[in-house]
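# Remarks on the overall topology
What follows is each chain in one-letter form.
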Amino acid sequence: MTRFGDWDDPGRMTVSPMFPLEVAMLPGQELPLRIFEPRYVAMVGDCMAMPEPAFGVVLISAGREVGGGDRRCDVGALARIVDCQEFGVGKYRLLCVMGERIRVLRWLDDDPYPRAEIEPWPDEQDGPVDAARIADVENRMVALFDRIGEARGTPIHSREIVEAAGIDPVNRLYALAARLPMGQADRYSLLAAPGEAARLDVLSEAVDTVTAMVEFQLSE
């Protein structure tokens with residue numbers, strides 16, 4: 001087992017600080033945080049002593065992290081700290097960028113802060129991803145955003161919003177999902193999909209679900 005920050009072998013476990021959230025964060029997203037709870041202040045201090053400061057982020061599936069007793073998902077992503085600013089004693093402002101996907105192998109005790117044994121989880125080969133299917137999902141998202149804009153009486157630059165996801169080809173499906181107003185359970189299902197083909201299936205279904213919800217709300 002390695003200590004976190006020595007992740008030079010993707011097949012080895014790493015002991016990582018963890019930050020459970022009520023949001024499923026996806027690779028490529030930015031995560032701004034205000035840190036003031038003592039245990040997470042300690043976590044930031046330890047992270048900033050690392051060569052590449054980072055910590056794991058997972059979705060809270062039930063309960064609340066504050067006060068304990070929460071249930072945590074076992075698939076998440078690595079949050080890499082790109083900016084850290086102190087604003088008073090024991091307070092930090094962080095800007096993180098979500099990196100590679102991770103799996104929790106075993107949760108450790110929360111003293112002095114949440115920690116877990118984790119491993120990287122790169123995409124599995126689960127079949128080819130059809131570019132035409134991705135284009136179809138993008139077109140349906142554009143139509144959805146246009147519909148929302150029409151209902152609000154405020155035009156939305158739908159095509160530009162969707163096409164911006166293609167700037168990062170590695171995280172393209174994640175970037176599309178980050179633009180879709182889907183629920184946390186669907187976001188987590190997309191994150192936990194074994195590979196790109198399954199992730200595209202989840203995203204396509206989520207677009208249909210959100211579209212149906214929007215149409216139902218507009219019909220009332």
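Quick note: structure is the one above.
Just so we're clear, the structure is a prediction, and the values are computed from it rather than from any experiment.

### Regarding the side chain of R115
Turning to its location among the elements, R115 is positioned in strand β7 (residues 115-120). One polar contact links R115 to D109, side chain to side chain, over a distance of 3.3 Å. Dropping the residues within four chain positions of it, R115 is found in contact with S16, P17, M18, W107, L108, D109 and D110.

### Section: helix α5 (residues 184-191)
The complete set of buried residues in α5 reads R187, Y188, L190 and L191. All buried residues of α5 project into a common sector of 160 degrees when viewed along the axis, lining one side.

### Quick word on the environment of V57
Turning to its location among the elements, V57 is positioned in strand β4 (residues 54-62). For the pair V57 and P20, spaced 37 residues apart in sequence, the C-alpha to C-alpha distance is 5.6 Å. Those residues in contact with V57 that lie beyond four places of it in its chain are M18, F19, L21, M25, L31, G76, A77, A79 and M98.

### A short note on unusual backbone geometry
Cis geometry marks the peptide bond from D111 to P112; its omega dihedral reads 10 degrees. Relative to the helices and strands, P112 is located in the loop between β6 (92-107) and β7.

### Describing the pattern of salt bridges
Applying the stated criterion to the full structure yields 16 salt bridges. A salt bridge links R39 to D110; its shortest N-O distance comes to 4.0 Å. Here the residue R39 occupies a position in helix α1 (residues 38-48), and D110 occupies one in the loop between β6 and β7, the gap between them amounting to 71 residues. The class for R39 is buried, based on a relative accessible area of 19%. Residue D110 is classed as partly exposed on the basis of its relative accessible area, which comes to 30%. Look at the salt bridges and you will find they share partners, linking E37, R39, D70, R72 and D110 into a network.

### Here we look at the packing of aromatic side chains
By convention here, two paired aromatic rings are described through the distance between centres and the angle between planes. For the coordinates displayed, the defined rule picks out two aromatic pairs. Seen from their ring centres, F19 and Y40 are 4.6 Å apart, and the 55 degrees between their planes marks the pair as tilted. Remark: Y40 occurs in helix α1 and F19 occurs in strand β2 (residues 14-21); sequence separation between them is 21 residues. The class for F19 is buried, based on a relative accessible area of 9%. One aromatic cluster is present, formed by F19, Y40 and F55 through successive ring pairs. A cation over a ring is seen here: R72 above W107, with NZ or CZ 4.8 Å from the ring centre.

Conventions used here
Every chain begins its residue count from 1, and numbering advances along the sequence as written. A pLDDT threshold of at least 70 governs which residues receive local features in this predicted model, and a stricter bar of 80 or more applies before side-chain atom pairs are shown or counted, although totals over entire chains, interfaces and linings include all residues. Where side-chain values are given, they derive from all heavy atoms of the structure, hydrogens and water being excluded. Runs of E in the DSSP output that reach at least two residues are strands. Runs of H or I that reach at least four are helices, and both are numbered from the N terminus. Between N or O atoms, a polar contact is any pair within 3.5 Å; within protein, one atom must be a potential hydrogen donor and the other a potential acceptor, and residues adjacent in sequence are included only when both atoms are from side chains. By the convention used here, residues are in contact when the closest approach between their heavy atoms is within 4.5 Å. Throughout this description, buried means an accessible area under 20% of the type-specific maximum (1.4 Å probe, protein chains only), exposed means over 50%, and partly exposed covers the range between. Throughout, the arc means that of the directions going from the helix axis to the C-beta atoms. Here, a salt bridge means any side-chain nitrogen of Lys or Arg that lies within 4 Å of a carboxyl oxygen of Asp or Glu. In summary, the pairing rule links any two rings of Phe, Tyr or Trp, Trp by its six-membered ring, whose centres are within 6.5 Å, and it sorts them by plane angle into stacked for under 30 degrees, edge-to-face for over 60 and tilted for everything else. Whether a charge lies above a ring is judged from NZ of Lys or CZ of Arg, which has to be within 6 Å of the ring centre and within 35 degrees of the ring normal.

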